[in-house]
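The residues making up each chain are set out below.
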Amino acid sequence: MARPKTKTTAQIKNDYAKKAYDDIRLQVKKGRKEIIKSHAEARSESVNGFINRAIAETMERDNAVPGPADSPTEQKKEDA
């Protein structure tokens, strides 16, 4: 009788990540990746953590200042 195959820790983590996270592919010019990595490491962050923080801070700043998305035309679309 064959034993049921058990999942490795890595497989369990991958399964969780697929359910809990979305992937976004980011392309940067050659050499830029190392600059970003060094910047993140200097602040004790991973590249992923740094990019997520940069996105969150930019979105927060954008939402604090009225911009094109706050134009009357955009507001009418949202109200519809």
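Residues numbered from 1 in each chain as written. Predicted model: local features only at pLDDT ≥ 70, side-chain atom pairs only at ≥ 80, totals over all residues. Heavy atoms only, no water.

> Residue-level account of the overall build of the protein chain, with values.
On a plain count of helices and strands, the protein chain comes out with 4 helices and 0 strands. In sequence order, the secondary structure elements of the protein chain are arranged as α-α-α-α. A buried classification covers 4% of the 80 residues belonging to the protein chain. Accessible area for the protein chain stands at about 8100 Å²; split by element, carbon and sulfur atoms hold 53% of it. (Helix = DSSP H or I, 4+ residues; strand = E, 2+ residues; numbered from the N terminus. Buried < 20%, exposed > 50% of the residue type's maximum accessible area, 1.4 Å probe, protein only. Areas by Shrake-Rupley, 256 points an atom, 1.4 Å probe, with all protein chains shown as cover.)

> So what's going on with the pattern of salt bridges? Residues and values would help.
Tallying each qualifying case throughout the model produces 3 salt bridges. Lys 7 is the partner of Asp 15 in a salt bridge, and the nearest nitrogen-oxygen pair spans 2.3 Å. What makes Asp 15 partly exposed here is its relative accessible area of 28%. Of the charged contacts in the structure, one is a salt bridge between Arg 53 and Glu 45, with a shortest N-O distance of 2.9 Å. In the salt-bridge network here, residues are joined through shared partners; they are Glu 45, Arg 53 and Glu 57. (Salt bridge = Lys/Arg side-chain N within 4 Å of Asp/Glu carboxyl O.)

> Any details on the confidence of the model for the protein chain? Residues and values, ideally.
The pLDDT averaged across the protein chain works out to 87; a share of 85% of its residues lies at or above 70. Of all secondary-structure elements in the protein chain, the lowest mean pLDDT belongs to helix H4 (residues 72-79), at 56, while helix H2 (residues 32-42) reaches the highest, 98. (pLDDT = per-residue confidence, 0-100.)

> Would you mind going over unusual backbone geometry in detail, with residue names and values included?
One non-glycine residue, Ser 44, lies in the positive phi region at around 55°. Within the fold, Ser 44 resides in the loop between H2 and helix H3 (47-64). In this structure Ser 44 comes out as exposed when scored by relative accessible area, which is 73%.

> Break down the packing of aromatic side chains for me, with residues and values.
All chains considered together, the criterion is met by 1 aromatic pair. Ring geometry for Tyr 16 against Tyr 21: centres 6.3 Å apart, planes inclined by 80°, an arrangement best described as edge-to-face. Under the relative-accessibility criterion, Tyr 21 is labelled exposed at 54%. (Phe/Tyr/Trp six-rings, centres within 6.5 Å; stacked < 30°, edge-to-face > 60°.)

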